[in-house]
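Okay, here's what each chain looks like letter by letter:
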Amino acid sequence: MPILEVSNISKSFSDGYAVYDVSLTAERGEIVGLLGPSGCGKTTLLRLVAGLEQPDSGSISFDGVTLDGMAPKDRGFGLMFQDLALFPHMDVIGNVSFGLRMQHLAKDEVRQRVDDLLGVVDLTGYGHRKVHELSGGERQRVALARSLAPKPKLLMFDEPFGSLDRGLRESLQTEVRAILKEIGVTSIYVTHDRDEAFAMADSIVIMDKGSVVQAGTAQELFKAPRSELVARSLGLKNVMLGTVATPGVESPIGVFPIDDPALGNNVGARVLVLIDDRQVSIKQQGGSAEGPALEGIVDSIQFHGGESDLVIRIGEGKLSCLVRPGDVSMALAAGDSVSVVVPPHAVRLVLLDR
Ligand code: ATP
């Protein structure tokens, strides 16, 4: 039974719909990731759940209680934004206890809760440090402790680590996820970074242009992306649209055999052709091939880290091939003719018209 139920929510501004007919649920203690490009409506959806915006239509309920018309402060939810808005003139204790003092709790109770929270975010002993005496990661953990202090029933994050460098972001993702899971607070985590969504969330809701395009666990989404956009949002490299024909699926780069009879019965249906770039290779002169070879021309080579992304123009399309250090394909240049081997197990066909 979900604790949060967002049902058919829409919200428009002067330029049209920011959120359109969105439904989503969160189970108790679940971290739901909201993933989508800039401007797709993620922040507006959070603000609707928080009660900072009123929906045009649809409803939201939490723990069986409808939130329609309920003031933000009565919802008992917490928000953590990228702009942490820590109070610079206060020390760590002052910042973490801020919300508690507003609740007029007894001094001892506040002290105990702050001590506990500083332990949870691994900042015991930092209570009297000023905000400017903290590193970026420590400030984030103070902000988290402050958000957790009033024991929110739902905690919402809006790109909280957006301004931090990659290394710090990755270590905070692991730490913050562990803390949220330990406390068991239901959370919504907004990001446009898919790696962050996968690292943080138990399930992911992919949004585009104000609507939900697909939701599920990472495994479910990878197994059966429902559109080209979803497949690309997941970071899959070779995503093409194909059509079921006889004897195979026609794609912009060639025809691929169908090994699933159920798929073969859908002549004319659209399929996603997903080709794993790690399993595609360049045929060596005189070498044996583990599948049919496609003739193409090197379009571009991008080096990142030790590996390279070799993009090859084949027929009407392009195919990415991951090249590892030491591979002779590293010596290729744009314009070279190549034979590309696509082994059958590198190709996945997902039926779209269902
Ligand atoms: P980002 O990742 O860049 O923060 P987002 O996915 O969170 O983007 P929103 O901030 O929800 O997207 O914005 C969705 C759309 O609604 C955008 O086109 C935005 O310009 C518009 N919008 C948001 N808030 C308002 C507002 N108060 N008034 C008018 N338009 C708004």
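Residues numbered from 1 in each chain as written. Predicted model: local features only at pLDDT ≥ 70, side-chain atom pairs only at ≥ 80, totals over all residues. Heavy atoms only, no water.

Peer 1: Before we go on, may I ask you to explain the domain arrangement of the protein chain in this structure?
Peer 2: Interface size is often expressed as the accessible area that is lost when the parts come together. In terms of domain boundaries, the protein chain breaks down into domain 1 (4-228) and domain 2 (238-351). One C-alpha centre belongs to domain 1, the other to domain 2, and the line joining them spans 40 Å. Tallying the contact residues gives 6 residues for domain 1 and 6 residues for domain 2. With both sides pooled, the region where domain 1 packs onto domain 2 buries about 440 Å², and carbon together with sulfur makes up 58% of that total. Where domain 1 packs against domain 2, one counts 0 salt bridges. (Domains from an automatic or database assignment. Contact = heavy atoms within 4.5 Å. Buried area = accessible area lost by both parts, 1.4 Å probe. Salt bridge = Lys/Arg side-chain N within 4 Å of Asp/Glu carboxyl O.)

Peer 1: Can you walk me through the side chain of Glu53 in this structure?
Peer 2: The residue Glu53 is located in the loop between helix 1 (42-50) and strand 4 (57-62) in this model. Look at Glu53 and you get buried, because its relative accessible area is 17%. At 3.3 Å, the side chain of Glu53 forms a polar contact with the side chain of Arg47. Apart from the residues within four sequence positions on either side, Glu53 is in contact with Lys11, Phe13, Arg47 and Leu48. (Helix = DSSP H or I, 4+ residues; strand = E, 2+ residues; numbered from the N terminus. Buried < 20%, exposed > 50% of the residue type's maximum accessible area, 1.4 Å probe, protein only. Polar contact = N/O pair within 3.5 Å; in protein donor to acceptor, adjacent residues only side chain to side chain.)

Peer 1: Can you walk me through the site of the ligand in this structure?
Peer 2: Around the ligand, the surrounding shell consists of Phe13, Ala18, Pro37, Ser38, Gly39, Cys40, Gly41, Lys42, Thr43, Thr44 and Glu159. Contact between the ligand and Cys40: an oxygen atom at 3.0 Å from a main-chain N or O atom of the residue. In this structure, an oxygen atom belonging to the ligand sits 2.9 Å away from a side-chain N or O atom of Lys42. In the complex, 56% of the free accessible area of the ligand, which totals 630 Å², lies under the protein chains. (Near = heavy atom within 4 Å. Areas by Shrake-Rupley, 256 points an atom, 1.4 Å probe, with all protein chains shown as cover.)

Peer 1: What exactly am I supposed to notice about the sheet that holds strand 4 here?
Peer 2: Working definition: the strands of a sheet are paired by backbone hydrogen bonds and lie parallel or antiparallel to each other. Reading across from one edge, 2-1-4-5 is the order of the 4 strands in this open sheet, with antiparallel pairing throughout. For this open sheet the edge positions go to strand 2 (16-26) and strand 5 (65-66), each flanked by a neighbour on one side alone. When strand 1 (residues 4-13) meets strand 4, the two strands line up antiparallel, connected through 5 bridges. What sits directly across from Val6, in strand 4, is Ile60. Packed on one face of the sheet, helix 1 meets strand 1, strand 2 and strand 4 and runs near 120° to strand 1. (Pairing = 2+ DSSP bridges. Axes fitted to C-alpha atoms, helices over the stretch in contact; angles between N-to-C directions.)

Peer 1: Help me out: how do you make sense of the pairing of strand 16 (residues 293-304) in this one?
Peer 2: In summary, the side chains of a regular strand alternate between the two faces of the sheet. In this structure, strand 16 lies alongside strand 19 (residues 337-341), joined through 5 bridges in antiparallel fashion. In the sheet register, Ile297 faces strand 19, and the bridge partner there is Ser337. Bridging between strand 16 and strand 17 (residues 307-314) involves 7 bridges; their strand directions are antiparallel. The partner of Gln302 across the bridge, within strand 17, is Asp309. Linkage of strand 16 to strand 17, two consecutive antiparallel strands, is achieved through a turn of 2 residues, within which Gly305 is found at a positive phi near 60°.

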